[in-house]
Structure formats: C-alpha cells, structure tokens
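Descriptive structure summary
One letter stands for each residue in the lines below.
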Amino acid sequence: MLQLQVVREEKDKIINALQKRNIDAAPILDKVLQLDEKRRTTQSLLDNTLAESNKLSKEIGMLFKSGKAQEANVLKEKTGSLKEDSKRLGEELNATAKELQDLLYQIPNIPNELVPAGNTEDDNEEIFKEGDIPSLDPSALPHWELAKKYDIIDFELGVKITGAGFPVYKGKGAKLQRALIAYFLDKNTAAGYTEMQVPLLVNEASGYGTGQLPDKEGQMYHVGADDLYLIPTAEVPVTNIFRDNIINESDFPICLTGYTPCFRREAGSYGAHVRGLNRLHQFDKVEIVRLEHPSNSYKALDGMVEHVKTLLRDLKLPYRILRLCGGDLGFTAALTYDFEVFSTAQDRWLEISSVSNFETYQANRLKLRYRDENGKTRLAHTLNGSSLALPRVLAGILENYQTPEGIKIPEVLVPYCGFDMID
RNA sequence: GGAGAAAUGGCAGAGUGGUCGAAUGCGGCAGUCUUGAAAACUGUUGAGGGUCACACCUCCGGGGGUUCGAAUCCCUCUUUCUCCGCCA
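These numbers come from a predicted model, not from an experiment.

Calculation criteria
Each chain carries its own residue numbering, running from 1 in the written order of its sequence. For naming, the first written chain is A and the first written ligand is 1, with later ones following in the order written. In keeping with the model being predicted, local features are shown solely for residues with a pLDDT of at least 70 and side-chain atom pairs are shown and tallied solely at 80 or more, while totals for entire chains, interfaces and linings include all residues. Note: side-chain values were computed over all heavy atoms of the structure, leaving out hydrogens and water. To qualify as a helix, a DSSP run of H or I must reach at least 4 residues; to qualify as a strand, a run of E must reach at least 2; elements of each kind are numbered from the N terminus. Buried means the residue's accessible area, taken with a 1.4 Å probe over protein chains only, is under 20% of the maximum for its type, while exposed means over 50%, and partly exposed covers the values in between. Whether two residues are in contact is decided by their heavy atoms, any of which lying within 4.5 Å being enough. Exposure was quantified through the Shrake-Rupley algorithm and a 1.4 Å probe, taking into account, for residues, occlusion by the shown protein chains and nothing else. Positive charges are assigned to Lys and Arg, negative charges to Asp and Glu, while His and the chain termini are left out of the count. For the purpose of locating charges, the reference atoms are NZ of Lys, CZ of Arg, CG of Asp and CD of Glu. To obtain an axis, a line is fitted to C-alpha atoms, over the contacting stretch when the element is a helix, and the angle between two such axes runs from 0 to 180 degrees between their N-to-C directions. Helix crossings fall into two classes, left-handed where the near helix is turned counterclockwise from the far one by less than a right angle and right-handed where it is turned clockwise. Following the grouping adopted for this structure description, the nonpolar residues are Ala, Val, Leu, Ile, Met, Phe, Trp, Tyr, Cys and Pro, the charged ones are Asp, Glu, Lys and Arg, and the polar ones are all others, Gly among them. DSSP-based pairing: two strands are paired if at least 2 bridges between them are found. Boundaries of every domain are those given by an automatic assignment or by a domain database. We define buried area as the total accessible area lost by two parts upon association, computed with a 1.4 Å probe and summed across both. Salt bridges are counted wherever a side-chain nitrogen of Lys or Arg sits within 4 Å of a carboxyl oxygen of Asp or Glu. Nearness of a residue to a molecule or strand requires only that one of the residue's heavy atoms be within 4 Å of it. Any N or O atom pair separated by 3.5 Å or less is treated as a polar contact, with the protein-specific requirement of one donor-capable and one acceptor-capable atom, and with residues adjacent in sequence counted only for side-chain atom pairs. Residues forming no salt bridge and having over 30% relative accessible area are the ones grouped into patches, like charges within 9 Å of each other and nonpolar side chains (Val, Leu, Ile, Met, Phe, Trp, Tyr) within 5 Å. Multiplying 1.5 Å by the helix residue count minus one yields the expected span of that helix.

Attention shifts here to the overall build of chain A. What chain A contains, in helices and strands, is 13 helices and 19 strands. Counting all 423 residues of chain A, 48% fall into the buried class. The contacts in chain A between residues at least 6 apart in sequence include a share of 73% that link residues at least 24 apart. Roughly 20,500 Å² of accessible area belongs to chain A as shown, and the carbon and sulfur atoms make up 48% of that amount. Side-chain charges in chain A split into 51 positive and 62 negative, and the spacing between the mean points of these groups amounts to 5 Å.

Attention now moves to helix α12 (residues 390-400). When you tally the buried positions in α12, you get 10 out of 11 residues, the bulk of the element. Along α12, the positions that sit buried rather than exposed are Leu390, Pro391, Val393, Leu394, Ala395, Gly396, Ile397, Leu398, Glu399 and Asn400.

Glancing now at the packing of helix α7 (residues 172-190) against α12. Remark: α7 packs on α12, axes separated minimally by 11 Å, with the N-to-C direction vectors making an angle of 115°. Helix-helix and strand crossings are classified by hand; for α7 and α12 the assignment is right-handed. Each of Leu176, Gln177, Leu180, Ile181 and Phe184 in α7 lies in contact with α12, whose residues at this interface are Leu390, Val393, Leu394 and Ile397. Classifying every residue of the contact of α7 with α12 by side-chain character gives 8 nonpolar, 1 polar and no charged.

A word on the sheet that holds strand β15 (residues 377-379). Read across the sheet, 3 strands follow the order β8-β14-β15 without closing on themselves; strand pairing throughout is mixed. The strands lining the two open edges of the sheet, one partner per strand, are β8 (246-248) and β15. Between one strand axis and the next, the sheet turns by 40° as a mean value, whatever way the strands run. For strand β14 (residues 369-371) and β15, the ladder comprises 3 bridges, and the chain directions are antiparallel. Paired with Arg369 across the two strands is Leu379, which belongs to β15.

A few words now on the domain arrangement of chain A. Taken domain by domain, chain A consists of domain 1 (4-105) and domain 2 (121-422). Taken over C-alpha atoms, the centre of domain 1 sits 43 Å from the centre of domain 2. Taken together, the contacts link 5 residues of domain 1 with 11 residues of domain 2. When the area that domain 1 buries against domain 2 is broken down by residue, the three leading residues are Lys20, Arg21 and Tyr105, summing to 91%. Put simply, domain 1 and domain 2 have 0 salt bridges between them.

Below, the discussion takes up the protein's contact with RNA strand B. Around RNA strand B, the structure places 20 residues, and the nearest of them are Asp47, Ser57, Lys65, Arg371 and Thr377. Counting only atoms of RNA strand B within 4 Å of the protein, the sugar-phosphate share comes to 71%. The contact in question runs from a sugar or linking oxygen of RNA strand B to an N or O atom on the side chain of Arg369, over 3.1 Å. When contributions to the surface near RNA strand B are tallied by element, the ones reaching two or more residues are α3 (26-65), α4 (69-105) and β14. When residues of the surface near RNA strand B are assigned to their parent elements, the largest contribution, 12 residues, is made by α3. A breakdown of the residues in the surface near RNA strand B according to their chemical character gives 5 nonpolar, 6 polar and 9 charged.

Counting across every chain of the model gives 22 salt bridges. A salt bridge links Lys129 to Glu126; its shortest N-O distance comes to 3.9 Å. When the shortest N-O distance is used, the salt bridge between Lys170 and Asp151 registers 3.0 Å. With Lys170 in the loop between β3 (168-169) and α7 and Asp151 in the loop between α5 (143-149) and β2 (153-154), this pair connects stretches of sequence that are 19 residues apart. Lys170 sits in the partly exposed class, given a relative accessible area of 25%.

Right, let's get into the sheet that holds strand β7 (residues 228-230). Ordered in space as β5-β7-β6, the 3 strands form an open sheet in which the pairing is antiparallel. Pairing within the sheet leaves two strands with one partner each, and these edge strands are β5 (201-202) and β6 (222-223). Note that β6 and β7 share 2 bridges and pair antiparallel. Opposite His222, over in β7, you have Tyr229 as the bridge partner.

A separate point is a negative patch on the surface. A cluster of acidic side chains, namely Glu121, Asp122, Asp123, Asp328 and Glu351, defines a negative patch on the protein surface. Mapped onto the elements, Glu351 comes out in strand β13 (residues 348-359). For Glu351, a relative accessible area of 32% gives the class partly exposed.

Spacing of three or four residues puts side chains on the same side of an α-helix, whose turn is 3.6 residues. Its 40 residues give α3 an end-to-end C-alpha distance of 58 Å, which sits within 8% of 58 Å, the value for a rise of 1.5 Å per residue. Three or more residues of α3 are buried, namely Leu29, Val32, Leu35, Asp36, Thr42, Leu46, Thr49, Ser53, Leu56, Ile60 and Leu63. As for α3, its buried residues are in contact with α1 (4-9), α2 (11-18) and α4. Where α3 terminates, the next one or two residues include Gly67, which has phi positive at roughly 80°.

Structure (structure tokens):
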C-alpha cells in the first residue's frame, strides 16, 4: 500500500511511474486526495467536539466534588448535543477512512526506474545468462515421461488421492526432492539466513499484510470453517513475523529462510504449460526473506540475485535472469528479477525463482517500522525471493541430466541423496 | 470438548468510575565518573492522527454498551494460563 503522505507529495511522479504498468492512476489518486481531505476535515471537527466534551466532563467532576450539584446538572444537559455530534462525526470518519483505505488497496506499487516498459512477459528484459545447454540424444524425454519411466513421480496417484496438480513423489524421486530442500536450506544458512519453520495456514490479517488480500483471495485455498488460508508461499508467514513491529536500526539486515509447501489454486492455464511439474496446486519451495534499511535494499536485492545464481551454478543448470517489465511486474513489487532454467527436452524456459524488492509497500500494510538515528519511526523495506521452487528445478534436473543409462544426480546433491543415478 | 482464571507500554507489574497515557522495576538511549569498559549516579524513554510549530484528538486484547466522564462497570468475541478429557 502506498503511503498517503507520498501520494500527497508526489502525485505526478506516481502517475508517471504507474504508466509503466499501463495504468492511468490520475482518477484514483484524485479521489484518494479528495477523500483524504475529507477525512482530515471530519477528524478535525470530531476532535474539537471531543475536546469540548472532555472539558465539560472535567468541569462537572470538579463541581460534584465541591458539592455544586446543581451547576453540574446544568452542564450535563449541554453534553447531550455534543454526544450526538461526535457519534455522527465518528461514523462519518469511519466511513471515509474505509473508503480511502479500499482505494489505496487498489493501487499497485510504484515500479523502480529500472523496470522496463512493456505489456507481457515477452517484454521482459534478459540481463544475464549462464550455463551450457546440453545437447541431448534425439530420444530425450520431457520430465513427465522420465518420471513415469523411472517411477519416481506419480501424477495419476495424486489425482486419485486429491486431484490434478498434487503429485506423489516416490522412492528416489522423493529423496531427490528432500535432498534439494536440505541443500538449499544449507546454502541459505551458510549465506547468513536464519532458518525458520512457520505455519502453513495463515489468518486474514497476514494475507492483507503481504498483499494477497484483498483481490487475490481466489489464488489461495481457504479453509472456511476456521477462516484460514493455505499459504501460497512462505513469504506470507515469514514476512508477517514482523507485522506491527518496530525494530532497531542496528538489527538490519534481518535475513530469514524457510522451507514450506505452497498451495495455489491457479486457475486458467492449459496444455503443455501445465504438464507434469510445470504447474501444480501443491509444490515445495525454499524462500529467502530480508528486512532492510531503505538505503540498502537495492544492494540487498542484488545480493539475493547473486546468491540465487550460486545455487544454479552449483547445480550446473543453464539459466537466465529477466528483469520484469511493468506489465508483468507483481502488484506489490517495485522491482523483480525472475530466474528461468532451460528445459532442454521441453525446449523452453521454466521460471524457478522470483526475487523482488517491495520497498515500503508491504511494510506499510504490515506496520513494519524501524527507529532511525533520531528516534523517529520509519517504514522498513521488505524483499524476498525463491531459493528455489522445487518442481521446476526437479524438471530441469531430470531433463538436462538424462542419459541413456539413467538420470545423473548433480554432484553437489550426491551427498544429500546417497546415490548418483536414477535408473 | 468440559470447568475455572486472566489479557495494561520492549519485558515484568501496579492501578476497580474523574486530576491515568497510566506508578514502580528491568531493558533501551544520553550524560557524569573512568585510559577504556563494568559498576554506581543523573536525565530521558509507548504508538497513531493533527499542526509550520504548538494546541488538540485516539489507543490499556477486538467489537459493542452504561455514564456528563471508563484501563476500571456490563455484554460479546478472540487469545493465553491452570485442571480434566481426548490425542500425534
């Protein structure tokens, strides 16, 4: 959520910046400013009314104490109309504040100046590419065929138990998955991130805090009986650890990592793009989250990108990094880098990580602040990234490491797996 | 799931109708002393709105009510603790 103060002071700048998202923000910002004005006027009227009746109450108290009950009763009568006024003004204020809040929720984050203009994923900017694309045998298979051939992932079984998009990992497939999780967590921990295990269901306030609510509730599974949401990413519970917190400036940076399953309802895709592991309702992911001082958050973002690079380098997977364009940028992000692994057998890039700086956008909703050197509270910056999303890494490994003899295990994972070949 | 108790500032904890945004202790910050640190001492220290700055307003788990006036009384919800039951 944008800060009101920023909207007040930099309206034109915001309108300009949001054009990159192909949004004309002028009408909504005008409405916001108008409501803000109204809110403040109403607040001021209410404050004066309350001040008046506070004063009278004090006087009445004094009078009663000194035995002047009659005079007190005269004053009492005066408070009646003040009470009505303050009730009416209070309701008006609440209604205005709510309307204002709802509008602010609808405005996405301001893109960083590095964000390229553009409408779709085709307009994303490739900024880095590394790793050799292996030349596979013409008989090379996509991962869903390999999964069947070596009996390591069973999609039909998942359909029986739950439904489409809930695969069952079997034997060496399950073990490889567990190895990846352990490996990623170890790497993240070594890089200074503290490992956390967090709840997989969150309440409504947490959903609002990181921006999944309102508007995107359709993407999350909702447990109606208890009004809880299954997390779509560890970002939600991990970042919400700090909701309503004021932290010391000296505590920056705060670096956390966590492994969780992620649950996404993901409506509306089709064909090969959802085959196999490409798109699931339940998948595993290791996430990194950082809380940063505003002056350091972009340096931190670069640091996170460098860190994710090392994971892919170690796995010897060919990948590229994209800077997302305005049209593809997430609602809450100011700048996002996507990592994609090349799936040789599918002949396409698969997104496996998304690393973003949210600046103060989430922090404003979370009321996540720090105290600066003058003792003033200011909003912190939040960042997060996948390190990494498991299924597509798995797909990439299966497809790129396949040989006529079987699927080789990337060297760094062999100690975690306890085997070096799936055959 | 049943019975009882409780929810106050970063933490502990006082406050049962008016002068309480809230005693006190710890912690934090600044200073004195010290070569430096510790200890001791002194001062300071909740958040939000509002204002050029003040004034002023709101907040004692959430919501509602009684009252001229509520941290304090009433209703309700949530959470925590103790005991019992069930259970990985």
